[in-house]
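Overview (structure and organization)
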Amino acid sequence: VIEGHSLAAGLQEFPRIFPELYRATVAAGEQSGHLDVVLERLADYTERRQVLRQKMGLALFYPLLLTIMAILVTAALLAFVVPQVVQVFADIGQQLPPLTRALIAISEFVQSYGLLLLIGISGAVGVWLMLLRREHIKLFAHRLLLRMPVLAKLVRGLNTARFARTFSILTGSGVPVLEGLRIAAQVLANLPMRHAVIQVADRVREGASIHAALEKTRMFPPMVIHLIASGESSGNLEEMLERAAGNQEREIETFTAALLGIFEPLLILLMGGLVLLIVVAILLPVFELNQLVR
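Residues numbered from 1 in each chain as written. Predicted model: local features only at pLDDT ≥ 70, side-chain atom pairs only at ≥ 80, totals over all residues. Heavy atoms only, no water.

**Some remarks on the nonpolar core**
Phe163, Phe167, Leu181, Leu214 and Phe220 are the most contacted members of the largest nonpolar core, which totals 29 residues. Sorting the residues of this core by element identifies α6 (149-172), α7 (177-186), α8 (191-205), α9 (210-217), α10 (222-234) and α11 (237-293) as the ones contributing at least two each. The greatest single-element share of this core, amounting to six residues, is contributed by α8. Excluding residues that lie within four positions of it along the chain, phenylalanine 167 makes contacts with Val177, Gly180, Leu181, Ala184, Ile210, Leu237 and Leu241. The next biggest cluster of nonpolar side chains, apart from the first, holds 13 residues, and it includes Val26, Tyr45, Leu170 and Val175. (Core = buried A, V, L, I, M, F, W, Y, C linked by side-chain atoms within 4.5 Å. Buried < 20%, exposed > 50% of the residue type's maximum accessible area, 1.4 Å probe, protein only. Helix = DSSP H or I, 4+ residues; strand = E, 2+ residues; numbered from the N terminus. Contact = heavy atoms within 4.5 Å.)

**Here we look at unusual backbone geometry**
Glycine aside, negative phi is the norm for most residues, and most peptide bonds take the trans geometry. Look at arginine 218: it is not a glycine, yet its phi comes out positive at around 55°. For arginine 218, the location among the structural elements is in the loop between α9 and α10. Among the residues examined, arginine 218 registers a relative accessible area of 74% and is labelled exposed.

**Points about the packing of helix α5 (residues 135-145) against α8**
One way to put it is that α5 packs onto α8 with a least axis distance of 8 Å and a crossing angle of 100°. In terms of their interaxial angle, α5 and α8 are classed as roughly perpendicular. Residue-level contacts link Glu135, Lys138, Leu139, His142 and Arg143 of α5 to Leu191, Pro192 and His195 of α8. For the contact of α5 with α8, the class distribution of residues is three nonpolar, two polar and three charged. (Axes fitted to C-alpha atoms, helices over the stretch in contact; angles between N-to-C directions. Parallel < 35°, antiparallel > 145°, perpendicular 65-115°, else oblique. Nonpolar A, V, L, I, M, F, W, Y, C, P; charged D, E, K, R; others polar.)

See the structure below:
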C-alpha cells in the first residue's frame, strides 16, 4: 500500500491468509469509497461464522466424548474384566448358558484380535480420508450425505446459511451479482451444492432470476428461495439474504439441540444395556450352580 498499490492488491499477495471473499469485497469497497462499511461487514461476517462454529463444536463435544467413553468402557470390560470372572467357570465341566458362551467368545475375540481390529479401522479411516482428496470420490460422498435423512438437513442448512451470509455481504458491498455468486459458491463445503450455485450463475448470466435459478437446482430450502424472490422484487436482496442466513442458522441450532437431546439419553441407555447384558451373562452360571447345589 505504501508503494502505491490498492489494499485489495496487497491482500491478493497473500491468498492463503485472505480468502477471495475478503479480496473482492475490499476491492468493491475501495472502488465505491465505502471501505469502512465493507470492513465492518467483513468483521461481523467473520464473528458470526466463528460463533456458529463454536456453537456447533460445543454441541457435538459432549455426545462425542460420551460415545468414546462408552466404547472404551465396553472394550475394557470385554478385554480385562470378563476373562477374570469367567475363569472361575472354566473347570466346572458344566455346559455354560448360550449368553455366557457368546460373551466368552466375544471377549476372546477382543483379546486376540482387538489390536488388529483397531489398526484395521484406523487404516480404513486413513485410506478413506486419502480417497476423499480425489474429486469424483469426494463428490460421490457429498451426494450420499445429501440423501441421508438426518445428515442431509444439517448439511443443507449449514451450507445454505453460509451461502446466504456470503452472498449478502458481497451484494451489500457492491460486488456484481455474477461475481458474487461465483465467490459464494467457493465457500460451500458440499460439492453438489457448490456446483449448483455455479449453474445458478450461468442461468443468471443467460437472463434468469436468482430465485428461479436456485429453485431449479432443488438443493436449497423453499423458505430461502422465497426470501430471495422477495428481495429481488423489492430491491432489498441484501437484507433478505441476511434474514435467510439467520433463519437457517436458528433452524440448524434448534434441530441440533433436539437431535442431541434424543441422542444423549439413547446412548446412555445403550451403554447401560450393554453393561447389564454382560452382568447377566456372568451371573447366569452362578444361578445354575446354585440350583445344582440345591
